[in-house]
Amino acid sequence: MGLLTFSVGGIHPNDNKLYTANLPIENLKAPKQLVIPLSQHAGAPCKPVVEPGQRVFMYSKIGEPTAFVSASVHSSVSGKVIEIRNHPSSTGRMVLSVVIENDGKDEAVELEEDEDYINKEPDVLKERIKQAGIVGMGGATFPTSVKLSPPKEKPIDSIIINGAECEPYLTADHRMMVEKPIEVLEGLRVLMKVLGVANGYVGIENNKKDAIKYMVSACAGFEGIKVLPLKVKYPQGAEKMLIKSILNREVPAGGLPMDVRVVVQNVGTAYAIYEAVRYNRPVVERVVSVTGAGIKNPKNLKVRIGTQIKDVIDYCGGVKAGVSKVIAGGPMMGFALYSTDIPVTKGTSGIVALVEQGLTHYEKYRACIRCGRCIEACPMGLMPQMFSVYVERGFYEDCKDYNLFDCFECGSCTYVCPAKRPIVQQIRLAKTLVKR
Amino acid sequence: MEIKRKESDFIVTVSPHVRSVETVPRIMWTVVVSLLPALLCGVYFFGLRVIFVTALCIVGALFSEWFVEKLAGKPITIGDGSAFLSGLLLGLTMPVTVPFYIPLISSFIAVGITKQIFGGIGYNIFNPALIGRAFALITWPRAMTSWVEPSKMFDLNNIGAAFSNIGMWLDGKTSATPLGILKLEGIAKVFEPYAAKADLYMNLLIGQRAGSIGETSVIAILIGALFLMLRRYISWHIPVSYLATVGLFSWILGGKEGLFTGDALLHVLSGGLMLGAFFMATDYVTSPSVKKGRLVFGFGCGILTVLIRLKAGYPEGVMFAILIMNCFAPLIDRNLKQKVFGLRKGK
Ligand code: SF4
Ligand code: SF4
């Protein structure tokens with residue numbers, strides 16, 4: 001019935017977006033102390049360019065990239081650097097981080113506004129994006145400036161803004177499109193300009209009717225941009241699925257979107273791009289959905305990067321009794337946290353607190369009954385049960401016969417498995433062991 | 001510097017953190033429920049002894065599962081519905097007249113040997129219920145092929161009759177199944193008692209014929225199967241390709257007057273085909289799990305069924321056809337993978 005979608009696989013989990021879908025984005029006051037990791041992106045960590053004791057301003061650069069695939073890090077408040085130390089991140093790894101004591105004044109580095117940004121040279125725009133430390137804010141955190149520098153032999157003809165937000169619970173992009181549609185579209189226009197592309201698309205899952213409405217009406221003033229409603233089906237927002245849905249192109253196995261002449265960027269990223277090229281403003285805050293049955297007062301919050309998750313949760317009234325899982329990101333691909341002393345980073349799209357009810361504990365899984373549900377659910381056309389069974393028996397190498405590395409760990413197979421097998425976990429284990 | 005990790009009660013696992021409500025027991029029990037129409041039709045046509053025979057199979061299956069798991073020191077899984085389902089399916093393939101020891105022994109062969117010895121649920125190669133039945137057929141060929149006329153046993157005006165035969169089969173008008181008659185006496189004889197062909201088809205649809213307890217009523221089986229398909233517990237691929245293949249090849253090869261003169265409808269509606277196609281061949285564990293493979297599997301079952309019915313010594317071939325194809329299920333899965341996203345064909 002008209003709605004665009006991908007053909008193979010996909011699942012329909014309860015989207016649970018009502019907790020926060022209709023709540024306007026609120027500003028969260030910066031806390032007394034922030035921990036800003038120097039690696040919030042895919043790629044090489046930054047090296048610190050500040051020292052303990054040094055005073056920093058809001059927007060001051062505190063981390064400098066050390067490689068091409070990297071993104072600078074800026075201070076999100078004014079105050080004093082207390083120390084530079086390892087601090088746990090949402091993935092559980094330790095990351096070198098700058099701890100800043102907030103003086104509460106928000107004294108900022110002066111930013112120059114450029115109203116005529118759209119007429120600037122692509123390279124100038126790209127440099128501003130790079131300087132702002134922008135990364136994919138949907139969670140993948142790939143540095144945007146790198147995505148905007150495809151090799152010459154890979155021309156780009158289309159840009160897609162990913163407004164699918166297919167993860168259950170999350171509403172950050174949704175609210176952004178409702179509240180800042182023009183800015184998001186401006187960001188897309190900049191991207192089109194940078195890559196010299198005439199076609200821009202915004203794909204939005206059809207469960208965000210108001211976002212579609214606002215984006216469509218905002219879109220009227222833009223040339224070459226189409227806003228397209230998409231079928232509600234997880235993982236609609238995965239790059240490869242989104243490209244298939246909108247352009248009917250299939251990214252080759254092991255390949256990247258640029259192999260089919262496409263660049264995909266998330267809604268939050270588009271907004272950050274607009275801020276960067278117009279105001280020269282670096283990424284120092286982002287919208288986070290704080291939601292789930294375990295949060296007292298769910299909210300959409302604009303949070304300074306480096307704010308501890310516990311401060312965010314406290315602002316939302318704290319967790320309810322019986323919370324058993326707190327997730328950074330969405331429940332399908334996010335990371336379960338062992339502690340809330342973990343900072344919000346550029347890639348933290350949500351904080352979801354789940355209560356015991358409805359959780360499944362992995363240790364209770366059963367034998368595979370070969371029901372085929374996982375196969376039917378896999379958007380990549382893989383046979384997840386083979387990975388699961390092989391890994392269980394220790395036949396890691398054999399997983400390669402079933403295209404192990406085409407799995408992007410979307411979790412659809414594991415979601416549907418009636419035997420509650422930890423398939424994604426087994427796949428990850430195989431991936432690490434086989435690579436070696 | 002050392003970071004002091006805060007004590008916390010949070011559970012940490014790999015994503016995804018939400019799961020569907022579907023579980024193995026839920027699936028098994030739902031399939032059990034979907035077989036109730038067939039069972040009730042069996043009771044209607046063959047009397048209350050149907051319950052007795054089926055119950056023996058179920059008790060035997062549950063006991064065997066418990067017994068072998070106990071011996072092996074494994075967790076007891078009789079609550080997951082799988083053994084119950086195997087027992088029920090086995091019961092539905094028995095003639096109502098069987099002496100009590102046949103259900104008991106063959107349910108042990110089905111669940112204790114075929115399923116548990118291979119490692120329990122998920123690991124068996126063959127459909128347990130069908131192996132149980134095959135064992136019974138080979139060991140007690142007479143008892144497993146004595147059929148009775150339906151409908152005489154459950155008369156609302158004479159409830160007593162329904163109870164009369166529960167313990168041991170005493171009497172009842174013996175009869176042959178339509179396929180049995182077809183094999184021994186030819187097609188004319190099958191239609192002889194009927195004024196019009198349609199009357200026979202009608203009887204086959206509602207189940208008014210001699211046969212195993214749960215196989216006779218096509219309508220009852222279809223009701224259950226439809227329910228399962230609507231809930232997406234079974235896919236259409238195996239049953240449809242199975243039935244279509246049987247129809248096609250019995251039409252081509254099944255006639256006396258040369259090719260393309262067989263009675264496809266008769267073949268499709270009789271024997272254990274409906275029960276087999278929807279409830280036995282679709283058993284997850286012993287059939288392929290990729291759609292393409294399922295079509296091939298159904299096709300293979302169909303061909304074998306027709307060949308056995310037409311050319312071999314048995315009037316009915318569904319059971320052996322499915323068992324033979326069970327062996328090929330892993331092979332089919334290995335060779336007919338899905339197309340991987342982004343991979344060109346032939347690579
Ligand atoms: S969904 Fe689970 S039980 Fe079913 S085939 Fe896949 S791994 Fe096996
Ligand atoms: S996690 Fe991997 S194997 Fe499982 S459905 Fe997603 S892509 Fe397929």
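Small disclaimer: the values here were computed from a predicted structure and weren't measured.

Undergrad: In this structure, what is going on with the overall build of chain A? I would like to understand it.
TA: Summing up its helical and strand segments, chain A has 12 helices and 17 strands in all. Taken over the C-alpha trace, chain A has a radius of gyration of 21 Å; the compact-globule value for 436 residues is 22 Å, and the two agree within 12%. Overall, chain A is about 65 × 50 × 45 Å in size when its C-alpha atoms are taken along their principal axes. The buried share of chain A, reckoned over its 436 residues, is 61%. For chain A, contacts bridging at least 24 residues in sequence account for 73% of all contacts bridging at least 6. Surface summary for chain A: the accessible area is close to 16,500 Å², and the carbon and sulfur share equals 51%. Where the 54 positive side-chain charges of chain A centre and where its 46 negative ones centre are 5 Å apart.

Undergrad: Quick question: what am I supposed to make of the sheet that holds strand β7 (residues 79–88) of chain A here?
TA: Backbone-to-backbone hydrogen bonds join strands into a sheet, with any given pair of strands oriented parallel or antiparallel. Residues and elements named next belong to chain A. Strand order across the open sheet formed by 4 strands is β2-β8-β7-β4, with antiparallel pairing between neighbours. With partners counted over all chains shown, the strands left at the sheet margins are β2 (33–37) and β4 (55–56), one partner each. Relative to strand β8 (residues 94–102), β7 runs antiparallel, the two being bridged by 9 bridges. Looking at the pairing, P88 lines up with M94 of β8.

Undergrad: Before we go on, may I ask you to explain the sheet that holds strand β15 (residues 323–328) of chain A in this structure?
TA: Residue and element names in this part refer to chain A. Taken in spatial order, the 6 strands make up an open sheet running β1-β14-β13-β17-β15-β16, and their pairing is mixed. The sheet is open, and its two edges are formed by β1 (25–27) and β16 (335–336), each paired on a single side. Pairing between β15 and β16: 2 bridges, direction antiparallel. Bridge assignment links A328 to a residue of β16, and that residue is F335.

Undergrad: How should I be thinking about empty space enclosed by the protein in this particular structure?
TA: In this approach a probe as big as a water molecule rolls over the atoms, and the regions it shows empty are the leftover space. If you walk through the whole model with that rule in mind, you get 6 cavities of 30 Å³ or more. If you add up the space inside the largest cavity, you get close to 300 Å³. Lining the largest cavity are 22 residues, and of these M28, L85, L89, D283 and Y284 of chain B sit closest to its centre. Mapped onto the lining of the largest cavity, the elements with two or more residues apiece are α1 (24–34), α4 (82–92) and α14 (273–280) of chain B. Tallying contributions element by element places α4 of chain B first for the lining of the largest cavity, with 4 residues. Each pocket or cavity is described by its volume, and for the second largest cavity that value is around 210 Å³. It is helix α7 (residues 267–279) of chain A that contributes the most residues to the lining of the second largest cavity, 4 residues altogether. Taken together, the residues of the lining of the second largest cavity break down into 9 nonpolar, 2 polar and 6 charged.

Undergrad: In this structure, what is going on with the layout of surface pockets? I would like to understand it.
TA: Size it by volume and the second largest pocket reaches roughly 1,100 Å³. Lining the second largest pocket are 43 residues; nearest its centre among them are R373, E376 and A377 of chain A together with R232 and K291 of chain B. Every element with two or more residues in the lining of the second largest pocket is listed here: α9 (373–377) and α11 (412–416) of chain A together with α12 (237–253) and α15 (291–311) of chain B. Here the lining of the second largest pocket is built from residues that sort into 19 nonpolar, 13 polar and 11 charged.

Undergrad: Help me out: how do you make sense of the interface of chain B and chain A in this one?
TA: In many reports, interface size means the accessible area that the parts give up when they come together. Listed per partner, the contact involves 47 residues of chain B and 70 residues of chain A. It is H17, R19 and F341 of chain B that lose the most area in chain B upon contact with chain A, and together they represent 18% of the buried surface on that side. Linking chain B to chain A there are 3 salt bridges. The closest approach of N and O atoms between E376 of chain A and R232 of chain B, which form a salt bridge, is 3.2 Å. At the boundary of chain B with chain A, the tally comes to 27 residue pairs in polar contact (both at pLDDT 80 or more). Those elements giving two or more residues to the side of chain B that touches chain A turn out to be α1, α15 and α16 (318–335) of chain B.

Undergrad: Would you explain the environment of E22 of chain B in this entry?
TA: Relative to the helices and strands, E22 of chain B resides in the segment before α1. The spacing of E22 of chain B and V190 of chain B is 168 residues in sequence and 45 Å in space, taken between C-alpha atoms. Dropping the residues within four chain positions of it, E22 of chain B is found in contact with R373, C417, P418 and K420 of chain A together with I27 and Y233 of chain B.

Undergrad: Looking at this model, I keep getting lost on the side chain of K431 of chain A. Mind explaining?
TA: With respect to the helices and strands, the residue K431 of chain A is situated in helix α12 (residues 423–435). Filtering out sequence-adjacent residues up to four positions away, K431 of chain A remains in contact with L404, F405, C407 and E409 of chain A.

Undergrad: Even after reading the chapter, I still don't get unusual backbone geometry, so can you show me in this structure?
TA: Trans is the common state for peptide bonds, and a negative phi is the common state for residues other than glycine. Residue and element names in this part refer to chain A. Note the cis peptide between Y234 and P235, where omega equals -5°. Residue position: P235 is located in the loop between β11 (225–230) and α6 (239–247). If you check the backbone angles, D106 has positive phi at about 50° while not being a glycine. Counting through the fold element by element, D106 comes out in the loop between β8 and α1 (122–131). A residue is classified by how much of its surface remains accessible, and D106, at 31% relative accessible area, is partly exposed.

Undergrad: Sorry if this is basic, but what is going on with the nonpolar core here?
TA: Most often, soluble globular proteins keep nonpolar side chains buried together rather than apart. By size, the foremost hydrophobic cluster in this structure holds 116 residues, and its most contacted members are M94, Y242 and F279 of chain B. It is α16 of chain B that provides the largest number of residues to this core, a total of 9 residues. When sequence neighbours within four positions are dropped, the list of residues in contact with M94 of chain B reads V53, C57, I102, P103, S106, M144, S212 and I213 of chain B. Ranked by size, the runner-up nonpolar core spans 45 residues in total, among them M177, V178, V267 and V277 of chain A.

The rules behind these values
- Residues numbered from 1 in each chain as written.
- Chains lettered and ligands numbered in written order.
- Predicted model: local features only at pLDDT ≥ 70, side-chain atom pairs only at ≥ 80, totals over all residues.
- Heavy atoms only, no water.
- Helix = DSSP H or I, 4+ residues; strand = E, 2+ residues; numbered from the N terminus.
- Rg over C-alpha atoms; globule rule 2.2 N^0.38 Å.
- Buried < 20%, exposed > 50% of the residue type's maximum accessible area, 1.4 Å probe, protein only.
- Contact = heavy atoms within 4.5 Å.
- Areas by Shrake-Rupley, 256 points an atom, 1.4 Å probe, with all protein chains shown as cover.
- Lys, Arg positive; Asp, Glu negative; His and termini not counted.
- Charge placed at Lys NZ, Arg CZ, Asp CG, Glu CD.
- Pairing = 2+ DSSP bridges.
- 1 Å grid on protein atoms, 1.4 Å probe; cavity = no way out; pocket = protein on both sides within 12 Å on 5 of 7 lines; lining within 4 Å.
- Points joined across faces, edges and corners; volume = space filled by probe spheres on them.
- Nonpolar A, V, L, I, M, F, W, Y, C, P; charged D, E, K, R; others polar.
- Buried area = accessible area lost by both parts, 1.4 Å probe.
- Salt bridge = Lys/Arg side-chain N within 4 Å of Asp/Glu carboxyl O.
- Polar contact = N/O pair within 3.5 Å; in protein donor to acceptor, adjacent residues only side chain to side chain.
- Core = buried A, V, L, I, M, F, W, Y, C linked by side-chain atoms within 4.5 Å.

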